[in-house]
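Structural characterization, general
Listed below are the residues making up each chain.
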Amino acid sequence: MRRAMLFKSNKWWLIPAFLLAVALPFFVGAYRLQIFIFVITYSLLALAFQLTMRVGLPRFDVAAWWGVGAYTSGMLMLKANMSFWLTLPISVLVSVVLGFAVFSVSVRRGMMVFMMFGMVFALALQQVFGSVKFFGGWGGTPQLPPVTIGSYVLNDKMWIYYLGMALLIFNLGVYQLLYKSRIGRAWSAIGSGLRLASSLGVNVVGYRLANVLVGNAFLALAGSFSVVYQAMIIPTTYGFQQSIYVMMYVVIGGLGFAMAGPIVGALVLTLISESMRAAQQYQPIVTGVITVLIIMFAPWGLLGVLRSRVVSVLQRLLSSRAALPDIPSSLGSPASVTAEEPGKDA
Amino acid sequence: MALLETRGLSKSFGRLEAVKDLDLTVEQGELRGLIGPNGAGKSTVFNLITGFDVPTRGTVWFRGENITNVPAHKIAQKGISRAFQQSYLFMFSTVLENVLVGCHMSSRAGALREFLHTRSARMRDREARNKAMEILDFMGMAHLADEPASSLSHGYQRCLGVAMALACEPTLLLLDEPVTGMNPTESAEMVERIRRIREKGITVILVEHSMEVVMNVCERITVLSYGQKLAEGLPAEIQCNPLVVEAYLGKEEA
Amino acid sequence: MTLQLFLQILVNGLMIGAIYALVASGFTLILGVLQVFNFAQGQFYMLGAFATYAVASVLGAPYVVAILAALAAMALLGILVYFSIIKWTLRYGFFHTMLATVAFGTIVGQAAVLKFGYSTAVVAAVVDKTLALGGVSLNSGKLLVLAGALVVMGLLYWFMRTKIGVAMQACAENREVACLQGINAGKVFWVTMAVGCALCGVAGALVVPVLSASTNMGQLIFLKAIIVVLVGGTGSMAGALLAAFLVGIVESFAFQYVESFAPLVIFALVAILIYFRPGGLLGKPLPIPGQ
């Protein structure tokens, strides 16, 4: 019991983190700020991945849905001269409706099929973006019109950064509300014990579908957001490799940390790859090696290491009863993912 | 009309016939024991009733309704819940959170309300918590509510499994070896609780290895052997049924 | 459509299908026995192709020697990966092992780009005669790939009936029961890894005279293997083999008619199949809790 209270009072770091994030544009130049804008975008993607992991479904179509958001917004602005702000709800709608069509086929077939079907979908979708003339082909769309607020053109990095922060905080707020509600409880239950949850009357397929579609909505928002700072949309940005990086962010940050894990992972990996700009071709190798090492020696990520350190120090200080750091409640035991999935014993 | 009825229920895994042409009828308010040697197909029967396995042949009827191909969560919603044989819990959540998942069905307030945490949703949540605490109190583990489920002793883990099933407000409760691995005191307490569960009007089917418990608690007993019904009757009848004795003794010799 | 064109597309489809079959059966084997979703599967295929290039074109050894070298090298690499990465992550469960292979695949892919760049490496065609059959001329190189793949499948069939192959099947069916029967799971695991990776290596080696090697071929074939496994049913070897040829043929016809929209056609077909036959072509529909 004491341990649970310890972690509850452990949220104090949110305040300095928030202040630091707000103050950031005053310390770094426009170029550096752009990197942090990327961090925000990747955090949004990783958060959506983490959301779906909560119900025991790893997804590899993250980048594809991100692309759906970007293309919907970009195309509406280009072809229909629509205001950027109007395209936001439309891109969410497109992503959710299309997502419903795709996932109502795959979610009910279990984790394995969901995962693989998502990859096949991502492949097909990228092909569509690349080959259909309407979308501008593999070279990308034409120059996008600038995003405006009234007559003000939104091209100052600082305001784009703040827009991103607002989006991120909105995202986190929605997740927090969801996780604390009955819906979130059902999600965690599905993630840590599929059969048990369904024996208690939880509609596994329905809740999983809802979860994946919430993820889709936020991915589309992230896609629309990327339109703000991109001159054009290039289909290869939204490929399979990007989805893989998203997964690495989550793992490096810490699988058990619903909110902080993805953000820390995106921050750390983006900063690492940015610091290696001189030797960019080595960057995927370094990322890969870091990921392998993290999986082998710190399976619950950087935050997992941090937490276990903090816990062990605090335990020594308070000499409370011996307790290991919690293994993430969102994920449950990862072993249970395979053990229960009937997809496996086909 | 019987509460639960299976007609010609069969399940085979490859060549192995785990359950063969089982006709089982359980009346409202009964406390039925289901026994049999290891591998007699008792757990498979539970899986078939609760929708975890799809039968190869045969049907399951609950309150006059065919529930043979109904998904597991719908069956739970209709009022059949089960406690699993192994300690199958949400190990990384607290005891209270575990039971709250059991209250999932009764605490519904509508997705939007739940998301926005409106007053009605919070009220439902409070009700669910109160109910969960009541059930934990009934199971004698209210003092453990904030402990992580993984830290419980084996006996309490079994109790928690039953508590979760009870939280679903079942009409029919299936208990799969609830006292296995318990010490005599815990076991006696559990037996007492099963009696009290039944007094609340919940029909119970009990799969149990310990003959003592079954003979002590159940009014009617069904004996399974190799997936088939071997005998059915009062405990006293079962005890002196030559077929049953043979099935059990034969097992020991082998 | 002329008979000539039809047969050419068919042979093309069969060849691609045979290659898919090798990669996908390796993937299925590792998935079934180790319960590892091997994201690096395609990279072994790519490395196999480059190994053949290195032995055949750079060292100038005969093609057959190059194939055997690629096979041996990939089997060894598979064992190495098992003992260095997978063995240590198995206890964390499915997701972590999958991630480890993702990371490993990324490393290998980028290392290959560093070494070979984005250009293709060509191995001289083994046979470049066209085969004329009753007025229809077919590319004999492609037929040779098909024949080679069929030989490998025959060997695989034989292997699965040896003692260790049977042990592998037992592990895939039920690991606990297999262990109780005295099967050494550790040994089965590394052998499976070796066989699964060697199959990819051979596939790469076979394909290289016809398609030439490039560093991005690994990820492409991995996604194709995923399609094959979806169509064939997860965990079913026979399903994977059947589905591979089917996907290969459909793909090469689709490519003839709709060109770059072929992936979309495949996606639509897979969606329909999954919708109506959840277990894939040969798999049984599975009872899924909560469905």
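Residues numbered from 1 in each chain as written. Chains lettered and ligands numbered in written order. Predicted model: local features only at pLDDT ≥ 70, side-chain atom pairs only at ≥ 80, totals over all residues. Heavy atoms only, no water.

Some words on the state of the cysteines
Here, disulfide denotes a covalent bond that connects the sulfur atoms of two cysteines. Residues and elements named next belong to chain B. Selection rule: Here, the term disulfide refers to a pair of cysteine sulfur atoms separated by no more than 2.5 Å. When a residue's accessible area, from a 1.4 Å probe over protein chains only, is under 20% of the maximum for its type it is buried; when over 50% it is exposed; and in between it is partly exposed.
Inspection of the entire model under this criterion finds zero disulfides over all chains. Residue Cys-103 stays outside any disulfide, its sulfur separated by 8.0 Å from that of Cys-168, the closest cysteine. Owing to a relative accessible area of 0%, Cys-103 belongs among the buried residues under this scheme.

Notes on the nonpolar core
How we decide: In this text, buried Ala, Val, Leu, Ile, Met, Phe, Trp, Tyr and Cys residues form a nonpolar core when linked through side-chain atoms within 4.5 Å. Elements are defined by DSSP. Helices are runs of H or I of four residues or more, strands are runs of E of two residues or more, and each kind is numbered from the N terminus. Residues count as neighbours in contact if any of their non-hydrogen atoms are within 4.5 Å of one another.
Counting 270 residues, the largest nonpolar core has Met-119 and Tyr-161 of chain A, Leu-160 of chain B together with Phe-37 and Phe-39 of chain C as its most contacted members. Ranked by residue count, the leading element in this core is helix α6 (residues 111-131) of chain A, at 16 residues. Discounting residues that sit within four places of it in the chain, Phe-39 of chain C has contacts with Phe-60, Met-119, Phe-240 and Ile-244 of chain A together with Met-98, Thr-101, Val-102 and Phe-222 of chain C. Among the nonpolar cores identified, the runner-up in size contains 25 residues, and Leu-3, Leu-9, Leu-22 and Leu-48 of chain B belong to it.

Side note on the interface of chain C and chain A
Heads up, the rule is: When two parts are put together, the accessible area they lose, computed with a 1.4 Å probe and summed over both, is reported as buried area. Salt bridge criterion: a side-chain nitrogen from Lys or Arg within 4 Å of a carboxyl oxygen from Asp or Glu. As used in this structure description, the phrase polar contact means that two N or O atoms lie within 3.5 Å; if the pair is within protein, one of them must be able to donate a hydrogen and the other to accept it, and residues adjacent in sequence are counted only when both atoms belong to side chains.
At the interface, 50 residues of chain C touch 57 residues of chain A. Approximately 5000 Å² of surface area, both sides summed, lies buried where chain C meets chain A, with 81% of it carried by carbon and sulfur atoms. Scanning the region where chain C abuts chain A turns up zero salt bridges. Inspection of the chain C/chain A interface yields five residue pairs in polar contact (both at pLDDT 80 or more).

Here's the deal with the interface of chain A and chain B
Operational definition: The classification used treats Ala, Val, Leu, Ile, Met, Phe, Trp, Tyr, Cys and Pro as nonpolar, Asp, Glu, Lys and Arg as charged, and all other residues, Gly among them, as polar.
With 32 residues of chain A at the interface, the matching set in chain B holds 31 residues. Between chain A and chain B, a total of about 2900 Å² is buried, with carbon and sulfur atoms accounting for 63% of that surface. When residues of chain A are sorted by the area they lose upon contact with chain B, Arg-182, Arg-185 and Leu-200 of chain A head the list and together hold 28% of the total. Connecting chain A to chain B are two salt bridges. Of the charged contacts, one joins Glu-114 of chain B and Arg-182 of chain A as a salt bridge, the two residues approaching to 2.9 Å between their closest N and O atoms. Viewed at the interface, chain B and chain A are joined by seven residue pairs in polar contact (both at pLDDT 80 or more). Elements represented by at least two residues in the side of chain A that touches chain B include exactly α7 (157-180), α8 (182-192) and α9 (194-199) of chain A. Looking at the side of chain A that touches chain B, its residues break down into 15 nonpolar, 10 polar and seven charged.

A short note on the packing of α8 of chain A against helix α10 (residues 204-229) of chain A
Residue and element names in this part refer to chain A. The test is simple: Axis angles are defined between N-to-C directions and span 0 to 180 degrees, where every axis is a line fitted to C-alpha atoms and, for a helix, only to the segment in contact. For classification purposes, angles smaller than 35 degrees are called roughly parallel, those larger than 145 roughly antiparallel, those between 65 and 115 roughly perpendicular, and all remaining angles oblique.
As a packed pair, α8 and α10 sit with axes 10 Å apart at the nearest point and diverge in direction by 110 degrees. The pairing of α8 with α10 is recorded here as roughly perpendicular in orientation. Facing Arg-182, Ile-183, Ala-186, Trp-187 and Ile-190 of α8, the residues of α10 in contact are Val-204, Tyr-207, Arg-208, Ala-210, Asn-211 and Val-214. Of the residues contributing to the contact of α8 with α10, the split by class is eight nonpolar, one polar and two charged.

Some words on the side chain of Thr-171 of chain B
Residues and elements named next belong to chain B. By secondary structure assignment, the location of Thr-171 is in the loop between α6 (154-167) and β7 (172-176). A residue is classified by how much of its surface remains accessible, and Thr-171, at 16% relative accessible area, is buried. If we skip the residues at most four places from it in the chain, Thr-171 touches Leu-3, Gln-28, Phe-62, Arg-63, Lys-78, Gly-79, Ile-202 and Thr-203.

Observations regarding the pairing of strand β2 (residues 16-26) of chain B
Residues and elements named next belong to chain B. Rules: Whether two strands pair comes down to DSSP finding at least two bridges between them.
In the sheet, strand β1 (residues 4-13) pairs with β2 via seven bridges, with the strands oriented antiparallel. Within β2, the position partnered with Glu-5 by the bridge is Thr-25. Counted between consecutive antiparallel strands, the loop separating β1 from β2 contains two residues, among which Gly-14 sits at a positive phi close to 60 degrees.

Concerning a nonpolar patch on the surface
Residues and elements named next belong to chain A. Here is the rule: Each patch groups residues whose relative accessible area exceeds 30% and which form no salt bridge, using 9 Å between like charges and 5 Å between nonpolar side chains of Val, Leu, Ile, Met, Phe, Trp and Tyr. Here the accessible surface of atoms and residues is derived via Shrake-Rupley with a 1.4 Å probe, and residues count as covered only by protein chains that are part of the display.
A contiguous nonpolar surface patch, about 800 Å² in accessible area, is contributed by Trp-12, Trp-13, Leu-14, Ile-15, Phe-18, Leu-19, Val-22 and Ile-169. No other element matches the five residues that helix α2 (residues 14-23) contributes to the nonpolar patch. Along the chain, the position of Leu-19 falls in helix α2. Overall, Leu-19 belongs to the exposed group, its relative accessible area being 53%.

Remarks on helix α5 (residues 119-138) of chain B
All names here are of chain B. Going by this rule: Here a helix's expected span is defined as the number of its residues, less one, multiplied by 1.5 Å. Note that the arc is defined by the directions from the helix axis to the C-beta atoms.
A rise of 1.5 Å per residue sets the reference length of α5, with its 20 residues, at 28 Å; its end C-alpha atoms lie 28 Å apart and thus fit the reference within 8%. When α5 is considered as a whole, its buried residues turn out to be Ala-121, Ala-128, Lys-131, Ala-132, Ile-135, Leu-136 and Phe-138. Burial along α5 is one-sided: seen end-on, the buried residues are contained in an arc of 150 degrees. What points out from α5, more than 90 degrees from its buried face, is the exposed set Arg-119, Arg-126, Glu-134 and Asp-137. Taken together, the buried residues of α5 touch α3 (95-102), α4 (111-116), α6 and α7 (184-199). Immediately beyond the C-terminal end of α5, within one or two residues, lies Gly-140, with a positive phi of roughly 70 degrees.

Thoughts on the packing of helix α5 (residues 140-159) of chain C against helix α8 (residues 185-211) of chain C
Residues and elements named next belong to chain C. Using the following cut-off: Each crossing gets its handedness from the near helix: less than a right angle anticlockwise from the far helix is left-handed, clockwise is right-handed.
The contact between α5 and α8 brings their axes to 8 Å, and the two run at 165 degrees. Taken together, the axes of α5 and α8 are roughly antiparallel relative to one another. Crossing of α5 over α8 shows right-handed handedness. Across the interface between the two elements, Gly-141, Lys-142, Val-145, Gly-148, Ala-149, Val-152, Leu-156 and Phe-159 from α5 touch Val-191, Val-195, Leu-199, Val-202, Leu-206 and Val-210 from α8.

As for the packing of aromatic side chains
We describe a pair of aromatic rings using the distance from one ring centre to the other and the angle between the two ring planes. All names here are of chain A. Counted only if it meets this: Any two rings among Phe, Tyr and Trp, with Trp reduced to its six-membered ring, count as a pair given centres within 6.5 Å; such a pair is stacked if its planes are under 30 degrees apart, edge-to-face if over 60, and tilted if neither. Both a distance and an angle decide whether a charge sits over a ring: NZ of Lys or CZ of Arg must be within 6 Å of the ring centre and within 35 degrees of the ring normal.
With the rule as written, the count across this model stands at 41 aromatic pairs over all chains. With centroids separated by 5.1 Å and ring planes inclined at 75 degrees, the aromatic side chains of Phe-84 and Trp-85 adopt a geometry described as edge-to-face. Given a relative accessible area of 4%, Phe-84 falls into the buried group. Ring pairs connect the aromatic residues Phe-38, Tyr-42, Trp-66, Tyr-71, Phe-129, Phe-134, Phe-135, Phe-225, Tyr-229, Tyr-238 and Tyr-249, which therefore count as one cluster. Positioned over the ring face of Phe-134 is Lys-79, at 4.7 Å from the centre of the ring.

A word on helix α12 (residues 260-275) of chain A
In this model α12 of chain A runs 22 Å from its N-terminal to its C-terminal C-alpha over 16 residues, within 8% of the 22 Å that 1.5 Å per residue would give. Along α12 of chain A, the positions that sit buried rather than exposed are Ala-260, Gly-261, Pro-262, Gly-265, Ala-266, Leu-269, Thr-270 and Ser-273 of chain A.

Remarks on the sheet that holds strand β6 (residues 80-83) of chain B
Residues and elements named next belong to chain B. Taken in spatial order, the six strands make up an open sheet running β6-β7-β8-β3-β9-β10, and their pairing is mixed. Taken across any chain shown, the strands that pair with only one partner, and hence form the sheet edges, are β6 and β10 (228-233). When strand polarity is set aside, the average angle formed by the axes of neighbouring strands in this sheet is 20 degrees. Pairing between strand β3 (residues 31-35) and strand β8 (residues 203-207): four bridges, direction parallel. Bridging from a neighbouring strand, Leu-31 pairs with Val-204 of β8.

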